[in-house]
Amino acid sequence: MILREGLRAAWMGITGNILRSALTTLGIIIGVAAVITLIGVGQGAQADITQEINRLGTNSILIASRGEYRFSSEDADEIANRVPTVQRAAPVLTTTLALRWGTETHRANAEGAGGSYADIIGLEVEQGRLFDEDDVKNRGRVAVIGSTVADELFAGRSPMGESIHIQGQSFTVIGIMRPQGAAMGQDRDNLIMVPITTLQRTLRTDRISMIYAQGTSSEDIDLATSHIERIFEVLTGRDDSIAVTSQSQILEIVDAITGTLTVMLGAIASISLVVGGIGIMNIMLVSVKERTREIGIRKAVGARRRDILLQFLIESIALSLGGGFLGILSGWGLTALIRFFGLTAIITPSSVLLACGFSAAVGLASGVYPAMQAARLDPIQSLRYE
Amino acid sequence: MCEAVVQITDVHRIYDTGAVQVHALRGVSFDIHSGEMVAIMGPSGSGKSTLMHTLGCLDRPTHGRYLLAGEDIADRSDDELARLRNRYLGFVFQEFNLLPSMTALDNVILPLTYRPMAQARRRERAEQALEQVGLADRMHHRPNQLSGGQKQRVAVARSLATDPSLLLADEPTGNLDSEAQEDLMRFLTGLNADGMTVVIVTHEEDVAGHCGRIIRLLDGEMVADEPAGEVANR
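These numbers come from a predicted model, not from an experiment.

Thresholds applied
- Residues numbered from 1 in each chain as written.
- Chains lettered and ligands numbered in written order.
- Predicted model: local features only at pLDDT ≥ 70, side-chain atom pairs only at ≥ 80, totals over all residues.
- Heavy atoms only, no water.
- Buried < 20%, exposed > 50% of the residue type's maximum accessible area, 1.4 Å probe, protein only.
- Helix = DSSP H or I, 4+ residues; strand = E, 2+ residues; numbered from the N terminus.
- Phe/Tyr/Trp six-rings, centres within 6.5 Å; stacked < 30°, edge-to-face > 60°.
- Pairing = 2+ DSSP bridges.
- Axes fitted to C-alpha atoms, helices over the stretch in contact; angles between N-to-C directions.
- Contact = heavy atoms within 4.5 Å.

**Student:** A description of helix α3 (residues 104–113) of chain B should follow, citing residues and the corresponding values.
**Tutor:** The periodicity of an α-helix, 3.6 residues per turn, causes residues three or four positions apart to be oriented the same way. Among the 10 residues of α3(B), 9 are classified as buried, and the element is accordingly described as predominantly covered. Every buried residue belonging to α3(B) is among A104(B), L105(B), N107(B), V108(B), I109(B), L110(B), P111(B), L112(B) and T113(B), and all of these are buried.

**Student:** So what's going on with the packing of aromatic side chains? Residues and values would help.
**Tutor:** We describe a pair of aromatic rings using the distance from one ring centre to the other and the angle between the two ring planes. Residues and elements named next belong to chain A. In total, this model carries 5 aromatic pairs over all chains according to the counting rule given. Residues Y117 and Y212 carry aromatic rings whose centres are separated by 5.2 Å and whose planes lie at 65° to one another, so their mutual orientation is edge-to-face. One end of the pair, Y117, is in helix α4 (residues 117–121); the other, Y212, is in strand β11 (residues 210–215), and 95 residues separate them in sequence. Grouping residues by exposure puts Y117 and Y212 together as buried. Measuring from centroid to centroid gives 5.4 Å for F340 and F341, while their planes differ by 75°, and the two rings are edge-to-face. For the pair F340 and F341, one class covers both residues: exposed.

**Student:** So what's going on with the sheet that holds strand β4 (residues 63–68) of chain B? Which residues, and what values?
**Tutor:** Residue and element names in this part refer to chain B. Pairing within the open sheet is antiparallel, and its 4 strands lie in the order β2-β1-β4-β5. Both outer strands of the open sheet, β2 (21–33) and β5 (71–72), are each paired with one neighbouring strand and no more. Inspection of the sheet shows strand β1 (residues 4–16) paired to β4 by 5 bridges, in the antiparallel sense. Note that in β4 the partner of Q7 across the bridge is L67.

**Student:** Outline the sheet that holds strand β3 (residues 37–41) of chain B, listing residues and values.
**Tutor:** In a beta sheet, neighbouring strands pair by backbone hydrogen bonds and run either parallel or antiparallel. Residues and elements named next belong to chain B. With mixed pairing, the 6 strands of this open sheet are ordered in space as β6-β7-β8-β3-β9-β10. Two strands in the sheet have a free side with no partner beyond their single neighbour: β6 (89–92) and β10 (221–227). Adjacent strand axes in the sheet meet at a mean angle of 20°, parallel and antiparallel pairs treated alike. In the sheet, strand β7 (residues 166–170) pairs with strand β8 (residues 198–201) via 4 bridges, with the strands oriented parallel. Bridging from a neighbouring strand, A169 pairs with I200 of β8. Taken strand by strand, helix α5 (residues 148–160) contacts β6 and β7, and its axis lies near 170° from that of β6.

Encoded structure:
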């Protein structure tokens, strides 16, 4: 019953000055909405990147040189032949090249790849075909292009069968890749893919950038990884010549980075929630001052300290929780708006729970001091207060 | 035959303002028995407000003993004093001291909310009290919709709702016109006739004239304790 009267008195305090209560609550609304939205954006980014990485398959392995050691295409064959837990391996040479078709020119990312590369990374064509082992063996002058390259060079005409010139050599377009969209701020469709052997000859090099391997299963990835490391340790006599990274390791790293990002965004947004809490404390202090006489009357007719304390605590928590609830609604609206503009933003139960808990805590923390002030008031002084 | 509601023995109250010590009460002693109607009089600065606060358990004596309905209020915590006020006392103030945002009924319920009892029972008791003061038809009005006399009757109903052992009125007629003043005094006299113990702090002789006994204070000391009849004879 004391709680009931506390609730009633708090309700009267809040509705007694609607505009002031609303403005005070606004601080919490903005804070909670910011927390929900920014955490949503962070988790959206995480989901995006995770999905992107998962598309490459969880059992792929990336092998790169750490500097001095120069990979060659034979290393890829070596890995594929000697490691039983590796299904296939393909060398890749990446660079950027100027492309020309007729009078049109365009700069694109170029990948020279071994025959099984497309299978390893799950690349698919929308039109035509991918090049195969024979094209690689015969240094075929064939190219598979991304949709951006197709648009930029051919502007609506069909690129199939046309010849693209790269450093004076002509390549016949045999396929167009299925659009992949942007990943981590990079247009994955501004790409031309040719057999690695052909690209090496064009660039007059026998260098490769890295090797993509595919394990037989995701359970054997760690086994494959250490096996590959051992092979290169024996070959070069050092244990730091190459870096072997499995897809699951990349996933872990990305998760850690985006997780930190989410926490940071949430923490920054929390600052506004703290500011909102200060606003509540401020208004509660004013409210205690204004209602000094009421406190005096209540004490005279028998209210104990804890009755008064509870009344003002309930009032500040109600303000804060009400703001939290409206903030969750606004945050939900904002994330919907963000999704409308094409970004990923997710509201998770945990972020809603966090916002609720945090706003209740803010209400409690900012209400304690004013409520204690109210509870401590001397009844005689309070009754005389004008 | 009549038990003492108030027993005050050699009560002193000293306010320590730092630079000077103010002796508001300098050894006041008296008993008030159940069923009495007592006026406490004195010019301003005589200590009658302090005495009122002491009787009302809003303040503690610096020295001396105060028994309210047999309970010693010395060394009681603030919360225990709040309980004693709620249980034994009803207050009527000069400025009415009603909560403006509440209806008359809710104002009367207020002291009962600090007692463990069912909400329906509280409401019932408050309605009875308002009927008793003749405001059954004004229950759902707010104080700003009531006249001064009506407000003071709501305040009286609030003090009666808790069935107090002692009704303390601090200049209850101070903000009332003469007609409302007569009404109120008639009502308080009627209550007293029905057995309620009433203490009125006032500086008006005709208010004190309604009481059976007058205690006069001057400079913190009790200078007279006499039946009211003698005043009229003077």
